[in-house]
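Coordinate inspection notes
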Amino acid sequence: MNFLKRFELEKHNTTVSKEFIAGMTTFFAMLYIIPVNATIMHDAGMPFGALVTATAVMTIFATLITGLWANTPIAMSVGMGINAYFTYGLVLGMKIPWQTALGIIFLSGILYVLIAITPIRKWIIETIPMDIKRATSAGIGAFIAFIGLEEMHIIVASHDTLVELGNLSSPQVLLGIFGLFVALILSMLKIRAALMLSIVATTLLAWITGVSKISTEFISMPASMAPIAFKMDVKSALEFSMIPLIVTFLITDIFDTIGTLIGVGLRAKLFDEKDSKKLQKTLETDAVSTLVSGVAGVSSTTAFIESATGVEEGGRTGLTAVFTALLFILPLFFLPFFEAIPGFAIYPILVVVGSYMFSELKYISYEDEATKYATFFIVLMMPLTYSITNGLMIGSFVYVLIKLFQKDWSVLKSAMGLMALISIILFFVL
Amino acid sequence: MKILDYFELEKNNTTVSKELLAGLTIFIAMIDNIAINATIMHDAGMPMGALITATIFITIFATLLTGLWANTPIAMSVGTLNVYFTYSLVLGMKMSWQSALGIVFVSSVLYFLIAITPIRKWIIETIPMDIKRATAAGIGAFIAFIGLEEIGVITASHETFVKLGDLSNTYTLLGIFGLLVAIILSILKVRGALILAIIITTILSWVLGVTNMPAEFISMPASMAPISFQIDIKSILELSMLPLIITFLVTDIFSTIGNLAGIGLKINLSNKKLDRTLQTDAFSTIVSAIVGMASITTFIESMAGIKEGGRTGLTAVFTAMFFILPLFFLPFFESIPGFAVYPILVIVGSFMFNELKNVNYDDYATKYATFFIVLLMPLTYSITNGLMIGSFIYVLIKLFQRDFSVLKSAMSLMALVAIVLFFVL
């Protein structure tokens, strides 16, 4: 088939069925974003139904372009963390109307496009040392495992210690742990579609034991996007005082995506060291999608680390992303059915994939002091500050500082120097 | 000098001045625990003054005993079980603090029985090397988390539990300054790097007026009488108390074993030294309950001293001696700001985290167990939880690989304890 040729499946040592399983795995892993993003942005005073539709549409749009244009197995959707900043920081905190906040997203998207089409991003990716890329992968692993464990209620909030062990004997948590073990053991035994199988097994068990209910309704019609689409207000966002906000969105979006591409790309060997074309196209997709996000009425689109689940299942090309995008059409019409799949059945796979990414640590050279400390901070800070960008920035800052004390000035010419500079501005000046 | 011969300094490749520096470093790193422990246990309705004196007394007692009897550079004091003591037992279950002390006492008698039998030897020897390394790394991540939290780099978040704090806050900025000074001095291999970082940060904060220099220096210790010998054992000798006693026992034993596994990777700990350290821990906890304190445990802050070259019990002896000072000069030590001290935990944490470099990730059981140990120690805020869950996963996978020899190791005991602790009690 002519259409399939573009993905170069054979060259990437993959097949249509592998890519399909991978696409479906990623789909399930990030299905949560539809209700979760709508719930968060609803707090900004935007209508829920329109948000559900817009989130699904943006996910399909951005992920389809990634698959077709960049040919990478990376799914994109409205970024978590940055949507909370949109709602709680800008709209509720600073009393900026959501229309203006969307204008800020749009402007950050335009700047992002300008950066993505220049050689800057190539320089960024190429001058980040290999060990820092590995640490990034491990840090993302720790981060997504934290998210998974939190959603399974194995880790809960604590008033005294921020976090603590949850009550493991509640039925939901027990089923989550069951799912986690099934996923661990199936993937250890190298069974195909191990992660999907664990979701199905846990869901069925939850339905049979009556812990969660099979949905009685299946079909729902998507609400109109009209109340939020094309409502952005760019004019009021074009003020001098808005620059720090635009830059914050821009940086978080770029470095979340770069972090994800590095972390996921390293595991799948997605990006050729010499040929950064795929990487460039993925960043361009992200940039354009963010711009469209503002127009469609949702917060910044970014590459999703949940793509790692599909990659672990063997997804290597854009066909995976195409499948993920197509599957996202389903919740537009069958949302009640997908909402009946319990979270504790899905989240264990984030933990398992996190453990795989974490194992990248084995390749790191701990002999170099700068690498040693940077690795430690990257791996620790990504989960503990709940942000890929924060972890990457702080790690880079520590790396550059130590390199300078070791009188290794060449670090200033690398992207590490840029990230260290950005971290100073982001954390101390803005 | 005869007493110095006892410590075998030369054999351990150390000197009196190295041990002194190490002892001082541990003392400074642990000084906060006096006020913290007294504040927490005060919530249980016990008098503050007596708690401060008792905390200092038992720290000196336990640490001196570790130095002299076990000859290890490990300091002991009242551990985090004080939180469980106060908020779960006394405030949560409406138990009197006298009865709660009874629980500490009975659990430590059981601990002592375990510590003088070959069980603890079997526990320590049959834990695989890679699990010990993962434990060290997990403890490292955990104490770095505590340090970053205390500096304000990480704060609570309603939506995501944790988030980056406001780094432009003055205290946090000084804490970050202290952290960077400590990192730079460490990589330049400056002797006393950690203490120097604390001193520089403290002085800077005094000069800038961020914290105040102490106005008073001297204070007299309050009497321990209101809490000493108040223990009530009779009321807790009931079957319903058994889960509580076991919780104290398991937490105390395994947090100490965890700490010792981590420390043992950095310095040479013979079996005899290990045995005696555990025995000191158990015995001190018995005394602790009698003088009115929650469980004693080994303090991982000892790693700060080990990083500075401490190798023998002389380090612990010096730490114990330094702890006499706050009995009389508490206001002075309380004026050392927390943001000057806590960066040390982050540095020591990274030092322990590096043990990951030796872990063999090719074995599935080791790979998964390592991941869960390192992740769950910080994220469940407990060494014991991380160790138990990691062991459980290790055993489960080994059984799937049909490696039944794991059943004869302490890993399976811990897996069993994990099941009982998390799902039955």
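About the cut-offs
- Residues numbered from 1 in each chain as written.
- Chains lettered and ligands numbered in written order.
- Predicted model: local features only at pLDDT ≥ 70, side-chain atom pairs only at ≥ 80, totals over all residues.
- Helix = DSSP H or I, 4+ residues; strand = E, 2+ residues; numbered from the N terminus.
- Rg over C-alpha atoms; globule rule 2.2 N^0.38 Å.
- Buried ≥ 20, exposed ≤ 12 C-beta atoms within 10 Å, placed from the backbone.
- Contact = placed C-beta atoms within 7 Å.
- Domains from an automatic or database assignment.
- Nonpolar A, V, L, I, M, F, W, Y, C, P; charged D, E, K, R; others polar.
- Axes fitted to C-alpha atoms, helices over the stretch in contact; angles between N-to-C directions.
- Parallel < 35°, antiparallel > 145°, perpendicular 65-115°, else oblique.
- Left-handed = near helix turned anticlockwise from the far one by under 90°.
- pLDDT = per-residue confidence, 0-100.
- Pairing = 2+ DSSP bridges.

Take the overall build of chain A next. If you tally the helices and strands in chain A, you get 21 helices and four strands. Its C-alpha atoms give chain A a radius of gyration of 21 Å, near enough to 22 Å, the size a compact globule of 430 residues would have. Dimensions of chain A, computed from the C-alpha atoms along their principal axes, are close to 65 × 60 × 50 Å. Across the 430 residues that make up chain A, the buried fraction comes to 62%. Restricting to contacts in chain A with at least 6 residues of sequence separation, those with at least 24 account for 82%.

Another aspect to go through is the domain arrangement of chain A. Residue and element names in this part refer to chain A. What the domain assignment reports for chain A is domain 1 (8-356) and domain 2 (365-429). On the side of domain 2, 21 residues touch domain 1, which itself brings 21 residues to the contact. Looking at the side of domain 1 that touches domain 2, the elements with two or more residues in it are helix 7 (120-127), helix 8 (130-151) and helix 12 (243-268). The element that contributes the greatest number of residues to the side of domain 1 that touches domain 2 is helix 8, accounting for ten residues. A per-class count over the side of domain 1 that touches domain 2 returns twelve nonpolar, seven polar and two charged.

Think of two packed helices as two axes; the pair is described by the angle between the axes and how far apart they sit. All names here are of chain A. Axis separation between helix 6 (residues 98-116) and helix 13 (residues 277-296) bottoms out at 7 Å; the angle between their running directions is 160°. Considering their axes alone, helix 6 and helix 13 lie roughly antiparallel with respect to each other. Crossing handedness for the pair helix 6 and helix 13: left-handed. For the pair formed by helix 6 and helix 13, the contact residues are Leu 102, Gly 103, Ile 105, Phe 106, Ser 108, Gly 109, Ile 110, Tyr 112, Val 113 and Ala 116 on the first element and Leu 283, Glu 284, Ala 287, Val 288, Thr 290, Leu 291, Ser 293, Gly 294 and Val 295 on the second. By residue class, the composition of the contact of helix 6 with helix 13 is twelve nonpolar, six polar and one charged.

Turning our eyes to something else, we now look at the environment of Ala 268 of chain A. Residues and elements named next belong to chain A. Tracing the backbone shows Ala 268 in helix 12. On a C-alpha basis, the gap between Ala 268 and Gly 314 in space is 8.2 Å, while along the polypeptide they are 46 residues apart. In contact with Ala 268, not counting residues within four places along its chain, are Val 311 and Arg 316.

In this model, Leu 162 of chain A sits at a positive phi of 70°, which is unusual for a non-glycine residue. Relative to the elements of secondary structure, Leu 162 of chain A occurs in strand 3 (residues 162-165). What makes Leu 162 of chain A buried here is the crowd of 21 C-beta atoms within 10 Å. The backbone of Phe 229 of chain B shows a phi angle near 60°, a positive value even though the residue is not glycine. Topologically, Phe 229 of chain B is positioned in the loop between helix 10 (193-207) and helix 11 (242-266).

Let's shift gears to the confidence of the model for chain B. Residues and elements named next belong to chain B. Confidence along chain B averages 90 in pLDDT terms, with 100% of residues attaining 70 or more. Considering each helix and strand of chain B separately, the mean pLDDT is smallest for helix 7 (residues 119-126), with a value of 79, and largest for helix 14 (residues 313-322), with 96. Across the whole predicted complex the pTM is 0.85, and at the interface the ipTM reaches 0.85.

If you look at the interface, chain A gives 42 residues, while chain B gives 42 residues. Those elements that provide at least two residues to the side of chain A that touches chain B are helix 8, strand 2 (155-158), strand 3, helix 9 (171-188), helix 18 (348-358), helix 19 (369-384), helix 20 (388-405) and helix 21 (415-429) of chain A. Broken down by element, the side of chain A that touches chain B gets its largest block of residues, six residues, from helix 19 of chain A. Each residue belonging to the side of chain A that touches chain B can be placed in one class, and the counts come to 28 nonpolar, eight polar and six charged.

Residues and elements named next belong to chain A. Bridge count for strand 2 against strand 3 is four bridges, and the pairing is antiparallel. Pairing of Ile 155 across the sheet is with Leu 165, part of strand 3. Once strand 2 ends, the chain turns through three residues before running back antiparallel as strand 3.

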